[in-house]
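Listed below, chain by chain, are the residues.
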Amino acid sequence: MNSGKNTSSKRSSLQTRFLVLLLATSLIPLILVSIRDILQTQTALTNAAKVSLLASAGQTATSLDTFVKNTLDSVRVEAQFKIFIDYLALPTSQKTGSSQEANAKDLLARLRNKDTVNIISYAIVESSGKILLDTVSENIGKSEMGDEYFKKVTQSQLPIVTAVTYATDGTSNIHFASVIRNENGDFAGILRIEYNPSILQQIGAQNLQSAVVGTDVILLDEYNIRMADIANPDLIQKSIIPLPTDKFDKAVQAGHLLSGMPAEQQSSNLPDLELALTNSNTEPFFTTDISPNKSGTDTVAVANMQTQPWKVIYSQPTDVLLSEVQRQTYTNAFIVFAVAIALIFIALFSTRWFTAPIIQLTKTANTVAQGNLNERSNITSSDELGTLASAFNDMTGRLQETLGTLEIRVEERTQALATVADIGTATSTIMDVDKLLYAVVELSKERFNLYHSHIYLLDDTGENLVLAAGAGEPGRVMVSEGRSISLSREQSLVARAARERRGVTINDVTQAPDFLPNPLLPETRSELAVPMIVGNKVIGVFDIQSDQIGRFTESDVNIQTTLAAQIGVSMQNAKQVQRSITLAAELSGFQNAVSEAAIIATTDVSGKIDMVNQKLIDISKYSREELIGQDHRMLNSGYHPKEFIRDLWVTIANGRVWRNEIKNKAKDGSFYWVDTTIAPILNEQGKPVKYVAIRFDITQRKEFELEATKRAAHVQALDNITQKIQSATKIETALQIAARELGHALGMKPTSVSIDQEALSGERKADS
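Quick caveat, the model's predicted, so the values are computed rather than measured.

1. Let's talk about helix H13 (residues 433-447)
Each α-helix turn comprises 3.6 residues. Residues three or four places apart therefore point the same way.
Then, number 1: In a regular helix each residue adds 1.5 Å, so 15 residues correspond to 21 Å; H13 covers 21 Å between its end C-alpha atoms and thus fits that length.
Then, number 2: Burial in H13 covers these residues: Val433, Leu436, Leu437, Ala439, Val440, Val441, Leu443 and Ser444.
Then, number 3: Between the side-chain oxygen of the N-cap and the backbone nitrogen of Asp434 there are 3.1 Å, and the N-cap of H13 in question is Asp432.
Then, number 4: Trailing H13 by a residue or two, Asn449 shows a phi angle of about 55°, which is positive.

Rendered as structure tokens:
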């Protein structure tokens with residue numbers, strides 16, 4: 001009895017341990033693979049949603065660009081209709097009631113009827129701004145000189161379009177305008193079209209026809225003022241944040257905002273959206289609030305228009321955008337859960353009978369978990385274990401199918417980016433521009449398995465693209481021939497890429513009418529050209545060619561654009577290094593020469609000395625340690641007045657150079673003179689950040705000058721005494737003058753002289 005219980009207990013323990021082992025080896029790999037599947041699926045779906053949103057934003061921007069471009073083309077053509085030119089050619093006194101006026105009115109009405117829903121009026125405006133003819137008769141005679149369109153078209157003399165602006169009556173509109181020129185080509189007047197701004201709403205709405213609920217399209221002008229908002233029309237003509245005073249005044253003056261109303265009342269006050277828009281050129285995809293009227297964030301994609309400095313926002317509620325991701329996640333989780341339950345059920349009831357198949361299935365699961373998605377379980381039965389094996393195979397197949405294309409794309413792009421990085425690394429240390437360019441074309445041809453690659457650089461005139469480097473012997477031959485392409489040349493893929501500032505491809509040159517065949521490259525079948533842009537300036541074009549039709553994809557355009565940008569930066573760095581080396585050599589020589597000839601010191605803005613040269617140490621007799629950290633008052637001799645020192649500081653503090661001669665006192669008490677120039681070093685705002693003092697020892701010259709001054713004073717004193725003595729009529733008077741003046745000149749007490757007249761008379765008798 002006990003033995004039976006022990007056997008049963010052992011059997012149960014064995015089955016339990018086997019069941020735990022079976023479940024562990026089956027469920028753990030399944031869960032791990034499924035988690036990886038879920039995460040990768042989430043990433044793929046999220047990226048797809050991002051790409052879709054960005055594409056929709058770009059498509060909307062393109063639609064708006066097309067509308068603007070077509071309308072500008074139309075108004076340019078219509079402005080040159082002979083009927084309008086003939087009407088404007090009439091003298092003012094002959095216009096009213098003339099047949100030319102009737103013809104012009106009729107033509108304006110027919111042009112207005114092209115779109116009676118969106119076009120408010122067509123008008124002819126004379127050069128003074130006065131409306132001569134208008135399909136809205138009430139406007140005739142009014143002046144539009146102050147309108148934004150009038151200023152823009154008269155300044156540019158080209159067809160223009162304005163943003164949404166307010167009229168004086170509070171209504172809003174969009175103006176298209178073009179100059180009407182007479183038969184001599186001179187400015188005769190303006191053809192003006194006034195559009196209802198709802199046309200922007202209509203274009204935006206057309207791009208939402210197949211969009212999910214909650215999707216919004218917003219159009220912003222250059223001040224980030226909403227010109228269109230499909231989901232929130234009440235926010236139109238409001239800025240994202242209250243504009244600063246200067247921008248607000250400009251927006252009001254241009255009619256973009258209403259005057260007399262504070263900036264805060266004409267704003268939706270969304271600082272996070274404003275910040276995201278500021279960085280949208282580099283990060284066009286982000287999540288934020290786009291309206292103060294609803295809760296929850298939106299996922300936003302931003303696209304810039306090409307024809308105007310306007311931005312298109314294409315948004316969806318974040319929860320809607322990620323709903324497919326969530327649904328797929330729930331589905332995958334449910335599948336995992338269902339499979340796990342099935343495994344547990346099968347294991348509970350089939351442990352003894354399906355040990356071998358379970359081991360086989362476990363091995364298969366382990367193999368799949370290690371990344372071999374080609375492995376499948378060998379189904380040998382149609383019962384529950386077979387069903388489990390079949391379900392596992394199906395799941396692995398779906399996982400393999402899902403990851404297959406994704407891994408291929410990721411691998412290809414990763415390899416391409418790695419190649420770009422390799423080329424960048426290989427050329428980053430090359431400081432000679434010519435060697436750098438040749439290294440790039442040779443490496444790109446080899447690493448990307450291309451037929452040919454070469455680089456054109458824009459010349460100094462900005463009108464021609466000159467071949468700077470080419471791969472292989474054909475490239476060297478073409479460079480030696482000095483080949484170049486005019487930037488305006490229509491039949492050139494290279495020139496087109498530079499003009500349009502984007503990558504351009506021809507995937508079958510035999511079908512391209514504008515392809516220029518090259519006898520040195522007869523096997524070219526497809527070509528890709530991307531501009532080299534540095535600091536928003538086109539400096540050249542990177543052109544690659546393949547001997548395969550259909551070789552280049554949009555991904556290749558992106559990869560080669562990245563490489564072209566890297567080439568441009570490397571070129572600029574190489575040029576900068578060469579300039580820096582040259583400048584450093586020149587500056588080093590100049591600094592050594594100045595330091596040998598002059599007494600030099602620098603101070604901070606408070607006057608504290610932070611650098612001295614040996615000549616200042618020698619003449620001042622202070623050590624370097626004694627001078628550093630002190631100011632120049634330690635050298636003050638007390639010779640100069642306070643006004644002299646004040647003038648020095650006022651001059652240099654205002655960013656000007658000060659120069660004069662200064663008497664200084666050395667550490668041993670001796671004095672020395674220096675010819676001093678003090679120059680401020682200014683920051684970008686024009687404020688001093690450091691002062692440089694350059695002095696020359698002039699002590700010997702000043703001593704010579706002092707000695708010369710003393711000698712001149714002595715000579716002058718002797719001349720004065722001589723003149724006074726010569727003016728005396730008696731010897732006694734002459735002697736008195738001589739004694740007095742000499743005593744005064746020598747700084748002695750008053751001196752007198754007396755003469756014995758008798759003795760003088762006796763001497764005279766003796767002489768006789």
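2. Section: the side chain of Asn118
Then, number 1: Along the chain, Asn118 turns up in the loop between helix H4 (99-112) and strand S1 (119-126).
Then, number 2: Taking relative accessible area as the criterion, Asn118 reaches 4% and is therefore assigned buried.

3. Notes on the sheet that holds strand S19 (residues 609-612)
Backbone-to-backbone hydrogen bonds pair the strands of a sheet. The strands run either parallel or antiparallel.
Then, number 1: The five strands lie next to each other as S19-S18-S22-S21-S20, forming an open sheet whose pairing is antiparallel. Whereas interior strands pair on both sides, the edge strands pair on one side only; in this sheet they are S19 and strand S20 (658-665). On average, each strand axis in the sheet is inclined to that of its neighbour by 30°, with strand direction left out of account.
Then, number 2: The pairing of S20 with strand S21 (residues 671-682) spans eight bridges and is antiparallel. Following the sheet pairing, Lys663 is matched in S21 by Trp673.
Then, number 3: Sheet contacts for helix H19 (residues 642-653): S20, S21 and strand S22 (688-697); angle to S20, the most-contacted strand, approximately 135°.

4. Considering H19
Then, number 1: Under the 1.5 Å per step criterion, the end-to-end length of H19 is 17 Å for 12 residues, consistent within 8% with the ideal 16 Å.
Then, number 2: Inspection of H19 places Phe644, Leu648, Thr651 and Ile652 among the buried residues, and these make up the whole buried set. Buried residues of H19, viewed axially, fall in a sector of 85°; they line one side. Within H19, the exposed residues directed more than 90 degrees away from the buried face are Lys642 and Glu643.
Then, number 3: Contacts from the buried residues of H19 go to S20, S21 and S22.
Then, number 4: Gly655 sits one or two residues past H19 and shows a positive phi near 85°.

Calculation notes
- Residues numbered from 1 in each chain as written.
- Predicted model: local features only at pLDDT ≥ 70, side-chain atom pairs only at ≥ 80, totals over all residues.
- Heavy atoms only, no water.
- Helix = DSSP H or I, 4+ residues; strand = E, 2+ residues; numbered from the N terminus.
- Expected span 1.5 Å × (residues − 1).
- Buried < 20%, exposed > 50% of the residue type's maximum accessible area, 1.4 Å probe, protein only.
- Polar contact = N/O pair within 3.5 Å; in protein donor to acceptor, adjacent residues only side chain to side chain.
- Pairing = 2+ DSSP bridges.
- Axes fitted to C-alpha atoms, helices over the stretch in contact; angles between N-to-C directions.
- Contact = heavy atoms within 4.5 Å.
- Arc of directions from axis to C-beta.

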